[in-house]
Amino acid sequence: MLPALTYEPLDPATVNNPYPVLAALREQAPVSWHDGMSSWLVTRYADCTAVLRDHTVFARDRRRTGQTVPAASLSVQSLDPPDQAGVRSLFMNALRTQDLPALEARARDRASVLLREAAERPSFEVMAELAAPLSLSVVCDLLGVDEPPLVEFAAASDAIMRSMDGGLDPSVVEPGRQAREELTTLVDSWFTETGRPSGLLAHVRAHTPAGADKAEELFVRNTARVMFQGGYSTMTAALGNALHTLTAHPEAQERLRANPRLVPKAAEELVRYDGPVQGTSRTATRTTTIAGIPIPAGDPVVLLFAAANRDPARFPDPDRLLLDRRDNRHLGYGWGTHSCIGTRAAQACVRAALEALRTHRTPLRLTGRTRRQPSATMRTFATLPATLQP
Ligand code: HEM
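Our subject in this report is the structure included herewith. (Residues numbered from 1 in each chain as written. Predicted model: local features only at pLDDT ≥ 70, side-chain atom pairs only at ≥ 80, totals over all residues. Heavy atoms only, no water.)

1. Brief notes about the overall build of the protein
In step 1: For the protein, the count of helices and strands is 14 helices and 12 strands.
In step 2: Since a compact globule built from 390 residues should have a radius of gyration of about 21 Å, the 20 Å found for the protein is in line with a globular shape.
In step 3: Along the three orthogonal principal directions, the C-alpha set of the protein runs to about 60 × 55 × 40 Å.
In step 4: Split into buried and exposed, the 390 residues of the protein put 54% on the buried side. (Helix = DSSP H or I, 4+ residues; strand = E, 2+ residues; numbered from the N terminus. Rg over C-alpha atoms; globule rule 2.2 N^0.38 Å. Buried < 20%, exposed > 50% of the residue type's maximum accessible area, 1.4 Å probe, protein only.)

Next up, the structure:
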């Protein structure tokens, strides 16, 4: 049996390409204890979905296992049903009222402008000049808020993203806390000043129960912050990964350029193939088993989406990029009560970027060395230099 210790998520080779070691884990020790992460690792698709389905046994809310959660972190993401239900349906209903086809059309226009500007130079930076500005504009458009200055916001967002690896690297925790505080001030201003009359947050403001107490109000604002920062950083990472995958598979990029009908399925397959969210965690509220392996009460469990999305028991030929893959219910957007609230908006944004790229007069090619962010939680690029010139 392969000890899970050989999985070192921050090892440069693993950051570069985690799929071989994840495949080895999935085949040889699909549910295994990892000393460094002090958690069980779960790598098979069926086991990940079984855990995510069972929120009575596997808690997201760490308070259910006697831990404390800072008030600033209490949001839709950290609560479990039934406490989570009110805030989750408030945001889900707000999303349903948004005109997503119109959002997608605006995202396509914005992506086309960014691509045209980038094409004027021999080389450009996909993350800073395309993925980040497009994601910020889509998330602000969706929420109905003004865009903050990209550079400052991106720095705060990166600090929050890095702090998710606090268990492996404690030095990232405090900068993350400070950045969260900075963003809280911005988010509060959306609730205290006269906000825009349209957009998702206008609906949230109008439908927050009149008698909401301070705690409920805090959940709503914290959830708005998670939508904003989490939505931006995951979108940015997803776009970078998707565009990188297309440059690494020029034949797939050519197929996409020739066939507009491929776009919706391609947007799903690219998130399955190399999605941004590497996994999520839960805590066992009582002694239980996963695939026959005993899990003691109180133990953390990490569900590795990146491994599950390449599980051959669920996806035929999982290491192949198949832009028209069928039955592609991957875990890139999670599963169950904590699945991504922004899925439909995110899918629209990925499609918009692919459509703009597809119709641009030249394909995208890399021009230099790429570099991944050293992160265990979010798979993303720090540098992705490319060209749109012939
Ligand atoms: C391609 C882009 C995106 C991907 C791949 C993605 C992926 C995910 C995943 C995997 C989860 C579940 C995490 C877990 O179970 O712990 C999640 C949760 C969430 N996502 Fe996304 N996301 C994306 C974009 C967005 C956007 C644009 C928004 C909002 C504007 C958003 C808002 C949220 C929220 C609020 C949650 C927490 C839901 C809950 O815990 O109930 N996401 N996302």
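2. Observations concerning the nonpolar core
In step 1: Of all hydrophobic cores here, the largest spans 82 residues; its most connected members are Phe91, Leu200 and Leu201.
In step 2: Excluding residues that lie within four positions of it along the chain, Leu200 makes contacts with Phe91, Ala94, Leu95, Gln98, Leu142, Leu143, Gly144 and Met227.
In step 3: Listed in part, the 19 residues of the second largest apolar core include Leu52, Phe58, Ile295 and Val301. (Core = buried A, V, L, I, M, F, W, Y, C linked by side-chain atoms within 4.5 Å. Contact = heavy atoms within 4.5 Å.)

3. Focus: the site of the ligand
In step 1: With respect to spatial proximity, 27 residues lie near the ligand, and among them Arg60, Arg88, Thr280, His338 and Cys340 are the closest.
In step 2: Between the ligand and Arg60, the relevant distance is 2.5 Å, taken from an oxygen atom to a side-chain nitrogen or oxygen of the residue.
In step 3: His338 places a polar side-chain atom, nitrogen or oxygen, 2.7 Å from an oxygen atom of the ligand.
In step 4: Elements represented by at least two residues in the shell around the ligand include exactly helix H10 (214-248) and strand S5 (280-284).
In step 5: Per element, the largest residue contribution to the shell around the ligand is 6 residues, and it comes from H10.
In step 6: Classifying every residue of the shell around the ligand gives 13 nonpolar, 11 polar and 3 charged. (Near = heavy atom within 4 Å. Polar contact = N/O pair within 3.5 Å; in protein donor to acceptor, adjacent residues only side chain to side chain. Nonpolar A, V, L, I, M, F, W, Y, C, P; charged D, E, K, R; others polar.)

Remember that the coordinates give geometry; whether it matters functionally is a separate question.
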